[in-house]
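These are the residues of each chain, in order.
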Amino acid sequence: MIVKINGTPIDTARVLRFAPRKKDGLGFRDNEVCSLDELKRIQKRITVHAECMERVWTVDRMGWRFLLLRDAYGNVFPQCFAPLSGELEYMQE
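Rules of the game
Residues numbered from 1 in each chain as written. Predicted model: local features only at pLDDT ≥ 70, side-chain atom pairs only at ≥ 80, totals over all residues. Heavy atoms only, no water. Helix = DSSP H or I, 4+ residues; strand = E, 2+ residues; numbered from the N terminus. Rg over C-alpha atoms; globule rule 2.2 N^0.38 Å. Buried < 20%, exposed > 50% of the residue type's maximum accessible area, 1.4 Å probe, protein only. Contact = heavy atoms within 4.5 Å. Areas by Shrake-Rupley, 256 points an atom, 1.4 Å probe, with all protein chains shown as cover. Lys, Arg positive; Asp, Glu negative; His and termini not counted. Charge placed at Lys NZ, Arg CZ, Asp CG, Glu CD. Phe/Tyr/Trp six-rings, centres within 6.5 Å; stacked < 30°, edge-to-face > 60°. Lys NZ or Arg CZ within 6 Å of the ring centre and 35° of its normal. Salt bridge = Lys/Arg side-chain N within 4 Å of Asp/Glu carboxyl O. Pairing = 2+ DSSP bridges.

### Things to note about the overall build of the chain
When helices and strands are tallied, the chain shows two helices and six strands. Secondary structure elements of the chain occur, N-terminal to C-terminal, as β-β-α-α-β-β-β-β. Taking 2.2 N^0.38 as the reference for a compact globule, 93 residues should give roughly 12 Å; the C-alpha atoms of the chain span a radius of gyration of 14 Å, in line with that estimate. The C-alpha extent of the chain, read off along each of the three principal axes, is 40 × 30 × 25 Å. Of all 93 residues assigned to the chain, the portion counted as buried reaches 34%. In the chain, 52% of the contacts between residues at least 6 apart in sequence involve partners at least 24 apart. With the model as given, the accessible surface of the chain reaches about 6,200 Å², and the carbon-plus-sulfur share is 47%. Separation of charge centres in the chain, based on 15 positive and 13 negative side chains, amounts to 5 Å.

Okay, structure coming up:
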């Protein structure tokens, strides 16, 4: 998926090179990109409403923030990722 950040096209599939990794892989998808404000809203909503989740956290890498959560059994679920700075625009296909 191609998005624009401050007018510059960015291929989100390339951004996933910086995504947190685990031995089995975490499975972020390139269409899970969102704005930083939306990521913060999602994080807040998950933290408040998801009692079954043991931990909700973010990882910042190479100018991108990745949102992850872990359940009581230790399973890690990737949620979304966002650029740390700049205005995100979705390109028309």
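### Overview of unusual backbone geometry
Of note, the phi angle at Asn6 is positive, near 55°, even though the residue is not glycine. Secondary-structure assignment places Asn6 in the loop between β1 (2–5) and β2 (8–11). Phi at Met62 is positive, roughly 50°, even though this residue is not glycine. Mapping Met62 onto the fold places it in the loop between β3 (53–61) and β4 (64–71).

### Considering the environment of Arg70
Inspection of the secondary structure puts Arg70 in strand β4. Given a relative accessible area of 24%, Arg70 falls into the partly exposed group. When near neighbours in sequence (up to four residues on either side) are disregarded, Arg70 contacts Met53, Glu54, Arg55, Trp57, Asn75 and Val76.

### Some points on the environment of Asn75
Mapped onto the elements of the fold, Asn75 is located in the loop between β4 and β5 (76–83). The spacing of Asn75 and Glu54 is 21 residues in sequence and 9.7 Å in space, taken between C-alpha atoms. In this structure Asn75 touches Leu69 and Arg70, once residues within four positions along its chain are discounted.

### Description of the packing of aromatic side chains
Under the definition given, this model contains four aromatic pairs. Linked through ring pairs, Phe28, Trp64, Phe66 and Phe81 together constitute an aromatic cluster. Here Arg55 stacks its cationic end above the ring of Trp57, 4.4 Å away from the centre of that ring.

### Things to note about the pattern of salt bridges
Scanning the entire structure with this criterion turns up two salt bridges. As a salt-bridge pair, Arg29 and Glu32 come within 3.3 Å of each other at their nearest N and O atoms. When the shortest N-O distance is used, the salt bridge between Asp60 and Arg65 registers 2.7 Å.

### Let's talk about the pairing of β5
Of all eight residues making up β5, six are buried, and the element is well covered by its neighbours. Sheet topology note: the β4/β5 ladder contains seven bridges and is antiparallel. Residue pairing across strands places Leu68 opposite Pro78, the latter belonging to β5.

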